[in-house]
Amino acid sequence: YTTTRLDLGALIGHHNLDHLSTIRANIEQAGIRLACWNLRWLVSPHTDQAAGKRALIRHWLEAGRIVLLQETHWTDVDIAVWETAVPAATVLAAPATLGPRGGPQGGVAILLPEGCTATSHTVLVPGCALQAWVGHGDNPPARVVSLHLPPGLQEATQLHQRPRSHQMDATL
């Protein structure tokens, strides 16, 4: 591994439509299916609104999709609650950070269905970017990133480990 500085441009700036098509083809070839959703808020699993969101998330997981969530606003306690709300899934999460008005801001998660395993996961930007290397069947691990950068944090940087070249990059 090598350590570098990461900003939004470094994370996605080099991708164009051809790159994204290649990434999508690699994901499909590896048998990985994704669902991505900016929830805008999903703290308590007990509200009517949360029950509907949870049902859709469970549907995606039962269909074998890796679910990438943004703006969960989860604390560490909320993460533990949601781990029990979707017991068949593996929940990886970067908790929300303290927002400008004192409440939670951001929070991202990656939920893995049965059959997928995380070989590692790293918070790239606290509350905003979470990376996981995900294994599925006999395929090599693929890198999956759940990313949310709210206004004012697009230029935030964080130390991270560059992916090993022999592994597939499934970042969207």
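This structure is a prediction, so every number in the text was calculated from the model and none was measured. Think of each chain on its own: its residues are numbered from 1, step by step along the sequence as written. Totals for whole chains, interfaces and linings use all residues, but because this is a predicted model, local features are given only for residues with pLDDT of at least 70 and pairs of side-chain atoms are given and counted only at 80 or more. Calculation of side-chain values draws on the structure's entire complement of heavy atoms; hydrogens and water are dropped beforehand.

1. Re the overall build of the chain
At step 1: Check the secondary structure of the chain and you find four helices and twelve strands.
At step 2: Categorising residues by exposure relies on relative accessible area from a 1.4 Å probe, with only protein chains included: less than 20% of the type maximum marks a residue as buried, more than 50% marks it as exposed, and the intermediate range marks it as partly exposed. Residues classed as buried in the chain amount to 43% of the 172 residues present.
At step 3: Contacts in the chain between residues at least 24 apart in sequence constitute 62% of all its contacts with a sequence separation of at least 6. Secondary structure elements are taken from DSSP: a helix is a run of H or I of four residues or more, a strand is a run of E of two residues or more, and numbering for both begins at the N terminus. Here, residues are in contact when the closest pair of their heavy atoms is within 4.5 Å.

2. A word on the sheet that holds strand S7 (residues 108-112)
At step 1: Here, a strand pair is defined by DSSP locating no fewer than two bridges between the strands. The strand order across the open sheet built from four strands is S2-S3-S7-S4, with neighbouring strands paired in mixed fashion. The sheet is open, and its two edges are formed by strand S2 (33-38) and strand S4 (90-94), each paired on a single side. Taken over all neighbouring pairs, the strand axes of this sheet differ in orientation by 15° on average, direction set aside.
At step 2: Bridge analysis of strand S3 (residues 65-70) against S7 gives four bridges, and the strand direction is antiparallel. Bridge assignment links Leu69 to a residue of S7, and that residue is Ala109.
At step 3: Interaxial angle, 0 to 180 degrees, is taken between N-to-C directions of lines fitted to C-alpha atoms, where a helix line uses only the stretch in contact. Its contacts with the sheet place helix H3 (residues 48-62) against S2, S3 and S7, and it is angled at close to 145° to S3.

3. Digging into the side chain of His148
At step 1: In this structure, His148 sits in the loop between strand S10 (139-147) and strand S11 (158-161).
At step 2: Relative accessible area serves as the criterion here: at 12%, His148 is assigned to the buried category.
At step 3: His148 has contacts with Asn38, Gln70, Glu71, Gly106, Val108 and Cys128, leaving out every residue within four places of it along the chain.

4. Some details on the confidence of the model for the chain
At step 1: Averaged over every residue, the pLDDT of the chain is 77; residues scoring 70 or more account for 68%.
At step 2: What pLDDT expresses is the predictor's confidence in each residue, scored from 0 to 100. The secondary structure element of the chain with the lowest average pLDDT is S11, at 38, and the one with the highest is S7, at 96.
At step 3: Across residues 157-172, confidence stays below pLDDT 50; counting only partners more than four residues off in sequence or on other chains, it has 50 contacts.

5. Observations concerning unusual backbone geometry
At step 1: Of note in the backbone geometry, Glu71 takes a positive phi value of approximately 55° without being a glycine.
At step 2: Here Glu71 lies in the loop between S3 and helix H4 (76-85).

6. Some thoughts on the packing of aromatic side chains
At step 1: By convention, a stacked pair of Phe, Tyr or Trp rings (six-membered ring in the case of Trp) has centres within 6.5 Å and planes under 30 degrees apart, an edge-to-face pair has planes over 60 apart, and any other such pair is tilted. Per the counting criterion, the structure on display carries two aromatic pairs.
At step 2: Geometrically, the ring pair formed by Trp37 and Trp60 is edge-to-face, given 5.7 Å between the ring centres and 80° between the ring planes. Separated by 23 residues along the polypeptide, Trp37 in strand S2 and Trp60 in helix H3 bring together distant segments of the chain.
At step 3: Using a relative accessible area of 23% as the deciding quantity, one classes Trp37 as partly exposed.

7. Some remarks on the nonpolar core
At step 1: In this structure, Leu42, Ile57, Leu61, Val67, Leu69, Trp74 and Leu111 are the most contacted members of the largest nonpolar core, which totals 19 residues.
At step 2: Within the residue set of this core, elements represented by two or more residues are H3, S3, H4, S4 and S7.
At step 3: Excluding residues that lie within four positions of it along the chain, Leu42 makes contacts with Ala50, Lys53, Ile57, Glu71, Thr72, Trp74 and Trp82. Nonpolar cores were defined as sets of buried Ala, Val, Leu, Ile, Met, Phe, Trp, Tyr and Cys residues, with membership established by side-chain atoms within 4.5 Å.

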